[in-house]
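Now for the letters of each chain:
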Amino acid sequence: MSVLEIKNLTKSYGPIRAVDNLNLTIEAGQIYGILGPNGSGKTTTLGIITSVLKPDSGTFEWFGGMEAEPLKKIGTILETPNFYPYLTADENLEIVRHIKGTPNKDFTEILELVNLAGRRNSKFASYSLGMKQRLAIAATMIGDPNVLIFDEPTNGLDPQGIADVRNTLQTVANSGRTVILASHILDEVEKICTHVAIIKNGKLLATGSVGSILSNDKTIEVASADNSGLENWLRSNPSIQSSQFTGFYYDCVVAEDFDVSKMSQEMARAGIYPTHLVERKKRLEEEFLEITSKS
Amino acid sequence: MLNLLALEWKKFRKNSVVSLLCFFYVLFLPAGLLLLKDFDTEGMPIFMPGPQTFYSFPGVWEYLGYAGNWVVFFFLGVVAIYLVTSEINYKTQRQTIINGMSRSTYFLSKLSAIFAISIFATLYYAIVAFAIGVYFTDDWDFAYALDNNWAISRYFLMSICYLSFALMLGFLLRKAGLAIFVYMSYVLIIEILIRMGLRWKLTSGELTNHFPLNAIEDLMPMPFWKYTEMIPTNIDFEFLLPMKNAVIVSTLALVVFILLARFLLMKRDI
Ligand SMILES: Nc1ncnc2c1ncn2[C@@H]1O[C@H](COP(=O)(O)OP(=O)(O)OP(=O)(O)O)[C@@H](O)[C@H]1O
Ligand SMILES: [Mg+2]
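Residues numbered from 1 in each chain as written. Chains lettered and ligands numbered in written order. Predicted model: local features only at pLDDT ≥ 70, side-chain atom pairs only at ≥ 80, totals over all residues. Heavy atoms only, no water.

## Here's the deal with the domain arrangement of chain A
Many analyses report the size of an interface as the accessible area lost when the parts associate. Residues and elements named next belong to chain A. By the assigned domains, chain A splits into domain 1 (2–213) and domain 2 (218–293). On a C-alpha basis, the centres of domain 1 and domain 2 stand 38 Å from each other. Listed by partner, the interface residues are twelve residues for domain 1 and seven residues for domain 2. Between domain 1 and domain 2, roughly 940 Å² of surface is buried when both sides are summed, and carbon and sulfur atoms account for 77% of that area. At the surface where domain 1 touches domain 2, the tally comes to zero salt bridges. For the pair domain 1 and domain 2, the interface holds zero residue pairs in polar contact (both at pLDDT 80 or more). With four residues, the single largest contributor to the side of domain 1 that touches domain 2 is helix α6 (residues 186–192). Partitioned by chemical class, the residues of the side of domain 1 that touches domain 2 number eight nonpolar, one polar and three charged. (Domains from an automatic or database assignment. Contact = heavy atoms within 4.5 Å. Buried area = accessible area lost by both parts, 1.4 Å probe. Salt bridge = Lys/Arg side-chain N within 4 Å of Asp/Glu carboxyl O. Polar contact = N/O pair within 3.5 Å; in protein donor to acceptor, adjacent residues only side chain to side chain. Helix = DSSP H or I, 4+ residues; strand = E, 2+ residues; numbered from the N terminus. Nonpolar A, V, L, I, M, F, W, Y, C, P; charged D, E, K, R; others polar.)

The structure is reproduced here in structure tokens:
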């Protein structure tokens, strides 16, 4: 039984197709990253599956339709932490607990998990952005849900805040729960997720395990004193699938069996001497840019 | 229902806007009447009532009820708008749905809140009216004191009607400022203008008295109008709806407001 099954989901805002015939199935235990550039429809999709937005057409089903109130078994942050500013952390969590209808009224453990136990009696309005985001994560834990949904949980945080939230996410992800994580930060998804769906303009471009999305191609970074000569040479070389100047060096996509030492010999023969030549595994970021720029 | 009310209580018991508005209601209901203490009858037509009738049975029910007509409309109506729009503003309405409460249950929680506020408002009115009446009436017994022409029930109906109108505008307009502006201006200006406009066209003004907010107002009308019946006049015009009509129109309006509010919540994105 799938945790979530999305079928032919479509929603438009006027002329904009925010979600365009989206199909997606998420199984138990998967850490599912939903990747897409700004405005690609991530939040709209999550809004629909959490019942706050109405789809134009299509369906979604939680837990195979076996739960009468599925959202009570799911912890969700959608875009921003939403709390009553004049209430404390404890009072806000108590409201969430009341809605979820779970018995445990002691929030010490989950507040400690997000490192907020010391400020539990301060009003939400007095919290920093990072603390607000961490309280939202704490709230998703109430009732020990099987599924967690996070929409850009590190948005607007400073590096320390991002690290803290990622650590918390990692802990959560390791706990065996199903996690749906929407983000445009690829690094985040690559580090945490087991599976990924790449969307753009509301359309699903690619989906599968992170390993299957990452092709076996490699990336070569190369720079030279004579960059225009290098560029011509790269263009004319058939084993270089693509090359792109980053400002410091060229990023070149090559096949798995590409031989870098041979490349440096050939370059020398052509009179181009590299000042920088590095081989590395292709990262999700490059894959993502490639997939989204093609469409 | 009580469970939902408990949730609303947790949400708003520490809210300063709601507390302040409720405090104003408690303060201004008796104050509104007691301000008339120095009411100057000198120079008034002979048939106008003196201050004594404001405070003693049975007049106190009508006069305090009319004061309540204003303070319920002003303070508690705004509370009802705020219960809806603040949750939209803080996005806690969204979060409540995300956390698993169905939209229809969420609507019930708001409905139970305005129901509870109306009961509180009515109880307070009944206690204050009774207390003032007992204090200022020389010779009273319970039967006389409570002979008030259904005043308590009319007051409750008036309260729940104002609050459901406000609730509906909150769901419709979503922004507190806009909803309060429309609420005030509809009741105080727009409906009156529409009625005046129609009155030129219709032969009888009576029909335009059946506009919903006017009917709600007439559940607890300005008592002075009664005395105008004593004035010989050539105006062929009824100022007030008969009580039965006011009750029927108000109840219909109440049902429409509630159904409309629920419809708006159920159908739209949150
Ligand atoms: N309420 C709305 N009214 C009109 N257009 C909207 C609304 N909400 C979203 N959109 C549009 O729908 C598209 C998808 O928006 P959405 O917020 O789902 O994207 P996203 O992937 O979450 O983006 P981001 O990474 O910036 O959060 C965008 O073009 C956006 O402008
Ligand atoms: Mg978004």
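Still more ground to cover, so stick around.
## Some words on the packing of helix α1 (residues 2–12) of chain B against helix α6 (residues 103–136) of chain B
Residues and elements named next belong to chain B. As a packed pair, α1 and α6 sit with axes 8 Å apart at the nearest point and diverge in direction by 75°. Our classification of the angle between α1 and α6 gives roughly perpendicular. Along its contact with α1, which presents Leu 4, Leu 5, Glu 8, Lys 11 and Phe 12, the element α6 presents Thr 105, Tyr 106, Leu 108, Ser 109, Lys 110, Ser 112, Ala 113 and Ala 116. (Axes fitted to C-alpha atoms, helices over the stretch in contact; angles between N-to-C directions. Parallel < 35°, antiparallel > 145°, perpendicular 65-115°, else oblique.)

## Observations regarding the site of ligand 1
Residues and elements named next belong to chain A. Not every one of the 13 residues close to ligand 1 is listed here, only the nearest: Asn 38, Gly 39, Lys 42, Thr 43 and Thr 44. With respect to ligand 1, the backbone of Gly 39 contributes an N or O atom lying 2.7 Å from an oxygen atom. Considering ligand 1 on its own, with 640 Å² of exposed area, one finds that the protein chains cover 63% of that surface. Residue assignment for the shell around ligand 1 shows that the elements contributing at least two residues are β2 (16–26) and α1 (42–49). Of all the elements, α1 adds the most residues to the shell around ligand 1, at three residues. Of the residues contributing to the shell around ligand 1, the split by class is four nonpolar, seven polar and two charged. (Near = heavy atom within 4 Å. Areas by Shrake-Rupley, 256 points an atom, 1.4 Å probe, with all protein chains shown as cover.)

## Observations regarding the interface of chain B and chain A
On the side of chain A, 28 residues touch chain B, which itself brings 27 residues to the contact. Between chain B and chain A the total buried area reaches about 2,500 Å² when both faces are included, carbon and sulfur atoms providing 53% of it. The interface formed by chain B and chain A contains five salt bridges. The residue Glu 91 of chain A makes a salt bridge to Lys 14 of chain B at a minimum N-O spacing of 2.3 Å. At the surface where chain B touches chain A, the tally comes to 16 residue pairs in polar contact (both at pLDDT 80 or more). Among the secondary structure elements, those contributing two or more residues to the side of chain B that touches chain A are α1, α5 (92–98) and α12 (243–267) of chain B. Its residues assigned to classes, the side of chain B that touches chain A comprises nine nonpolar, seven polar and eleven charged.

## Describing a nonpolar patch on the surface
Residues and elements named next belong to chain B. A surface patch of nonpolar side chains, amounting to about 810 Å² of accessible area, comprises Trp 70, Phe 74, Leu 188, Ile 189, Ile 190, Ile 192, Leu 193, Ile 194, Met 196 and Leu 198. When residues of the nonpolar patch are traced back to their parent elements, those giving at least two are α4 (59–89) and α9 (176–201). Considering every element that reaches the nonpolar patch, the biggest residue donor is α9, with eight residues. Looking at where Leu 193 falls in the secondary structure, it is placed in helix α9. (Patch = residues over 30% accessible without salt bridge, like charges linked within 9 Å, V, L, I, M, F, W, Y side chains within 5 Å.)

## Topic: the side chain of Glu 188 of chain A
Assignment of secondary structure puts Glu 188 of chain A in helix α6. Contacts of Glu 188 of chain A, omitting those with residues within four sequence positions, involve Pro 153, Thr 154, Arg 166, Leu 181 and Ser 183 of chain A.

## Remarks on α1 of chain B
What α1 of chain B keeps buried is the set Leu 4, Leu 7, Glu 8, Lys 11 and Phe 12 of chain B. End-on, the buried residues of α1 of chain B take up no more than an arc of 115°, which puts them together on one face. Relative to its buried face, α1 of chain B has exposed residues pointing more than 90 degrees away, namely Leu 2 and Trp 9 of chain B. Close packing links the buried residues of α1 of chain B with α2 (89–100) of chain A together with α2 (16–34), α4, α5 and α6 of chain B. (Buried < 20%, exposed > 50% of the residue type's maximum accessible area, 1.4 Å probe, protein only. Arc of directions from axis to C-beta.)

## A short note on the pattern of salt bridges
All names here are of chain A. By the definition in use, this model includes 22 salt bridges over all chains. Lys 203 is the partner of Asp 20 in a salt bridge, and the nearest nitrogen-oxygen pair spans 3.2 Å. Of this pair, Asp 20 sits in strand β2 while Lys 203 sits in strand β9 (residues 203–209), and the two are 183 residues apart along the sequence. For Lys 203, a relative accessible area of 43% translates into the label partly exposed.

## Side note on the sheet that holds β9 of chain A
Residue and element names in this part refer to chain A. Pairing within the open sheet is mixed, and its six strands lie in the order β5-β6-β7-β3-β8-β9. Among the strands making up the open sheet, the edge pair consists of β5 (74–77) and β9. Each adjacent strand pair in this sheet contributes to an overall mean axis angle of 10°, direction not counted. Sheet analysis places strand β8 (residues 195–200) next to β9, joined by six bridges and oriented antiparallel. Looking at β9, one finds that Ala 197 is bridged to Thr 207. Packing of helix α5 (residues 159–173) onto the sheet brings it into contact with β3 (31–35), β6 (147–151) and β7 (178–183), and relative to β7 it is tilted by some 150°. Contacting β3, β8 and β9, helix α10 (residues 284–294) runs over the sheet at an angle of about 35° to β8. (Pairing = 2+ DSSP bridges.)

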